[in-house]
Amino acid sequence: MPFGQLLIEGLAMGACYGLFGLAVVIIYRTSEVINFAAGTMAVFSTYIAFHMITFYGHPFWLAFLFALIFAALLGMFVEFFFLRPAKNPTLLGLIVITIGVQLLFGGLVCWKWTADQQAFTIPFSYQVIYEPLPGVFMSQWAVAVFVIAAVIVTLLFFFFKYTKLGTAMRATQQNKHAAKIVGIKTDRIFAFSWAFSSVIGVTSAMLISSRTILDPEFMMEPFLRAFAAAVLGGLMSVPGVLLGGGIMGLIENFFGYAMPAWKPITAFVVIVLVLCVRPSGLFAKHYVKKV
Amino acid sequence: MDMKRDYYEDIELFSSGTILFWTVVLLVALFAAPLILSNYHAYLFNLIMVHVIVAVGLNILVGSTGQIALGHAGFFAIGAYATVLLMTELSIPFFAALIIAAFIAAFFGFILGLPALRLEGPYLAIATLAFGLAIMHIIGHVELFGGRQGLMAPALNIGIPQLGLDWEICSEKGKYYLILSITILMTLFAVNILKTKAGRAFVAIRDSDIAAEVIGINLTIYKTLAFAVSAFYAGVAGGLFAFVLGFFDPFTFHLILSIIFLVMVVVGGLGSVMGSITGAVLITYLMYDLFKNVDEIPVVGDLMVAVSEQWLTVTGMDNFSMIGLGLVMIGIIIFEPLGIFGAWIRVKKYWKTWPF
């Protein structure tokens, strides 16, 4: 495989990881919860789209829209029924809840659609190849990924910068109690951030599954890589997680090309190495903890 | 809740005659149990006891030292593979192999403890999770470890074949007595370690690592020690697990197993040895017996089969154990964050102070 194609495929996969990392970061920024269920929630919503296309024969875009709405509702549902009732949970408690949610939805998906592998197709095929510059090949899929990622990031930027809800989200992130004092319903903000995260997650999951396969566990490894990307970026910054995603995608693609058998563990090696050197990520501003 | 008046009262193994009595009753019952157990139930008990060892060890790390660990299936796998390989490749006697394997696991625990010194919270969770998955992948790729085909445990010979002392254990009930004795030893060790200098240092680190450092506890030594001790437990349990199962492959030690271990400790109640034991018993029973055969439960089973046929798929019904475990995890944090042990304390307090 030529270098240029490895680079572009790596960057496209990295953009998917970056998007999915965004889903993790959005929740972590507002409520300091690491959402271990992000992968499975995205899988659940992807299966909804799959079901609509395959069994009811709806066009892709309708199924896509429906899956986004479903994902938003699912995110709010999880926040409302599983996280809100927990009174002053510890960090371990939050991790246990989100892993519980992961098992719950994972089990439901397996129960409904069994563990069989399916093919999920989107209108952008990775087999249609363009050659914009001589020697540089880009699949239609990669182009779609770059466009979608750019659109989402731009929308998020304007959303956080200029809208009322976005400003309220940033306020909640900076200081929950102060935000409450100025009249922001922080509980509602949490629910919204879960909905946003879930929507971005399912978009990324659909792109990933159209490139690979669709089965109940297909988001497990992408989730860990996205998480590694988020950790690289310091779990707090949006540009950081995108850059981290790009780095992860490139490392994985080049390393996987050289040594295919060890491809799955590159993400973990990167996580552990980065954490050994910079315990709170590459781009995190180091903050002093109050004792 | 009980007031301790002096040091000797604190380090007593049995704080009252009642506890001593019930412990003896429990032990007698456990030793007599094989007389009435079927083979399947002896197997289930063996599995439960192996999980009790892991849970008790994990409790030292998660409950007493306050570190998050999502990679214990990795240590468990190291124990299982090392025990079997030492026995088959180097023909080392069982007990020596088990102890060496446990020390290998403890060494890996020490290694994982080093980055853990600098990490906390979500970062530690993801680093340990990555460790567990990496161990699973490495085992799956190395020829010596049987690759994805897995390994077969040899005959369980607890004598020393080199000296002509053969004592082969074939039946489930024989294994039951072996595992039971090791479980009792390990539990006793865990109860006692929490009453030593090291155990108090662990608890101090959990409550505040900065305060612990200020009063002169060496964080480097005690945090890595907690990881090593906990990994040692997982290693011993892994070595026994290999013989309970008889055959295992890398996917036996999937991430889900690490999660199950953590859930045992959380459900039982963090920081309490008795809690971890009850948690391990309960979760193992639910996961490996009740939820696994959910269609055989009288009324609920039929209902679930009907629901599956109507809206879902019948082949996917095995996954009910995942749903059940997930619900248990969410429920315990929402309704009883201190676990079974917390509930027990509440009942006890209510009983003792009644009618107030």
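Sequence order as written defines residue numbering, which begins from 1 separately in each chain. The lettering of chains begins at A and the numbering of ligands begins at 1, in the order of writing. It should be noted that, the model being predicted, local features are given only for residues of pLDDT at least 70 and side-chain atom pairs only at 80 or more, the latter also being counted only at that level, while totals for whole chains, interfaces and linings use all residues.

1. Describing the overall build of chain B
Looking only at helices and strands, one finds 15 helices and 4 strands in chain B. As defined in this context, the radius of gyration uses C-alpha atoms, and a globule is described by 2.2 Å times the residue total to the power 0.38. Since a compact globule built from 356 residues should have a radius of gyration of about 21 Å, the 21 Å found for chain B is in line with a globular shape. Its C-alpha atoms give chain B principal-axis dimensions of about 55 × 55 × 45 Å. Out of the 356 residues belonging to chain B, those deemed buried represent 45%. Remark: residues whose backbone-derived C-beta atoms lie within 7 Å of one another are considered to be in contact. Within chain B, contacts between residues at least 6 apart in sequence are counted, and of these 75% link residues at least 24 apart. Secondary structure follows DSSP: runs of H or I at least 4 residues long count as helices, runs of E at least 2 residues long count as strands, and numbering of each begins at the N terminus. The burial criterion counts other C-beta atoms lying within 10 Å of a residue's C-beta, which is placed from the backbone; the residue is buried at 20 or more, exposed at 12 or fewer, and partly exposed between these limits.

2. Observations regarding the overall build of chain A
Helix and strand counts for chain A come out as 11 helices and 2 strands. Each helix and strand of chain A, placed in order from N terminus to C terminus, yields the pattern α-α-α-α-β-β-α-α-α-α-α-α-α. The globule rule puts the C-alpha radius of gyration for 291 residues at 19 Å, and the 19 Å found for chain A is close to it. Projected onto its principal axes, the C-alpha coordinates of chain A cover approximately 60 × 50 × 35 Å.

3. Here's the deal with the packing of helix H3 (residues 39-64) of chain B against helix H10 (residues 219-245) of chain B
Residues and elements named next belong to chain B. Put simply, H3 and H10 touch, their axes get as near as 7 Å, and they point 170° apart. In terms of orientation, H3 lies roughly antiparallel with respect to H10. Packed against H3, whose contacting residues are Tyr 43, Asn 46, Leu 47, Val 50, Ile 53, Val 54, Val 56, Gly 57, Leu 58, Ile 60 and Leu 61, the element H10 presents Ala 226, Phe 227, Val 229, Ser 230, Phe 232, Tyr 233, Ala 234, Val 236, Ala 237, Leu 240, Phe 241 and Val 244 at the interface. Taken together, the residues that form the contact of H3 with H10 break down as 20 nonpolar, 3 polar and no charged. Think of each axis as a best-fit line through the C-alpha atoms, taken over the contacting stretch in the case of a helix, with angles from 0 to 180 degrees between the N-to-C directions. These descriptions rest on fixed angle ranges, namely under 35 degrees for roughly parallel, over 145 for roughly antiparallel, 65 to 115 for roughly perpendicular, and the rest for oblique. When residue character is reported, Ala, Val, Leu, Ile, Met, Phe, Trp, Tyr, Cys and Pro are called nonpolar, Asp, Glu, Lys and Arg charged, and the others, Gly included, polar.

4. Describing the interface of chain B and chain A
Listed per partner, the contact involves 35 residues of chain B and 37 residues of chain A. At the level of elements, helix H6 (122-141), helix H11 (255-268) and helix H14 (320-335) of chain B are the ones that each hand at least two residues to the side of chain B that touches chain A.

5. Brief notes about unusual backbone geometry
For the peptide bond that leads from Trp 354 of chain B to Pro 355 of chain B, omega is 5°, which places it in the cis range. Backbone geometry at Glu 32 of chain A places phi at a positive 55°, although glycine is not the residue there. Topologically, Glu 32 of chain A is positioned in the loop between helix H1 (3-31) and helix H2 (38-56). In this structure Glu 32 of chain A comes out as partly exposed when scored by C-beta crowding, with 14 C-beta atoms within 10 Å. One non-glycine residue, Asn 88 of chain A, adopts positive backbone phi at about 45°. Among the structural elements, Asn 88 of chain A can be located in the loop between helix H3 (60-83) and helix H4 (91-113).

6. Re the packing of H2 of chain A against helix H8 (residues 186-211) of chain A
Residue and element names in this part refer to chain A. Running from N to C, H2 and H8 point in directions that differ by 65°, and their axes come no closer than 8 Å. Between H2 and H8, the angle is such that the two are roughly perpendicular. Crossing of H2 against H8: the hand is right-handed. Facing H2, whose interface residues are Ala 38, Met 41, Ala 42, Val 43, Ser 45, Thr 46 and Ala 49, H8 presents Ser 197, Ser 198, Gly 201, Val 202, Ser 204, Ala 205, Met 206 and Ser 209. A class-by-class count of the residues in the contact of H2 with H8 yields 8 nonpolar, 7 polar and no charged. Note: crossing handedness is left-handed where the near helix turns anticlockwise from the far helix by less than a right angle, and right-handed where it turns clockwise.

7. Overview of the environment of Ala 23 of chain A
All names here are of chain A. Residue position: Ala 23 is located in helix H1. Remark: the alpha-carbon pair of Ala 23 and Ala 42, spanning 19 residues in sequence, is separated by 10.0 Å. Beyond its immediate chain neighbours, meaning those up to four positions away, Ala 23 contacts Ala 38, Ser 197, Ile 200, Gly 201 and Ser 204.

8. Observations concerning the confidence of the model for chain B
Low pLDDT marks stretches whose predicted atomic positions should not be read closely. All names here are of chain B. Per-residue confidence from the predictor is reported as pLDDT, a score between 0 and 100. Averaged over all residues, the pLDDT of chain B is 86; the fraction at 70 or higher stands at 99%. Of all helices and strands in chain B, the one with the weakest mean pLDDT is helix H13 (residues 298-310) (75), whereas H10 scores best (92). Across the predicted assembly, pTM comes out at 0.89 and ipTM at 0.86.

9. Brief notes about the nonpolar core
Within the largest apolar cluster, 213 residues are counted, with the highest numbers of intra-cluster contacts made by Val 231 and Ile 271 of chain A together with Phe 76 and Ala 105 of chain B. Looking at this core, the element that brings in the most residues is H10 of chain B, giving 17 residues. Not counting chain neighbours up to four residues away, the residues in contact with Ile 271 of chain A comprise Ala 228 and Val 231 of chain A together with Ile 126, Ala 127 and Ala 130 of chain B. For the purposes of this analysis, a nonpolar core is taken to be any set of buried Ala, Val, Leu, Ile, Met, Phe, Trp, Tyr and Cys residues that are connected through C-beta atoms within 7 Å.

10. Some remarks on the environment of Gly 93 of chain A
By the secondary structure assignment, Gly 93 of chain A is in helix H4. Judged by the 19 C-beta atoms lying within 10 Å of it, Gly 93 of chain A is partly exposed. With 36 residues separating them along the chain, Gly 93 of chain A and Ile 129 of chain A place their C-alpha atoms 47 Å apart. Apart from residues lying up to four places away in sequence, Gly 93 of chain A is in contact with Ala 86 of chain A together with Ile 333 and Pro 337 of chain B.

11. Observations regarding helix H6 (residues 164-174) of chain A
Residue and element names in this part refer to chain A. Burial in H6 covers these residues: Ala 168, Met 169 and Thr 172. Buried residues along H6 cover an arc of 105° about the axis, so they all sit on one side. Buried residues along H6 sit in contact with H1, helix H5 (140-162), helix H7 (176-181) and H8. For this quantity, the arc is that covered by the directions from the helix axis to the C-beta atoms.

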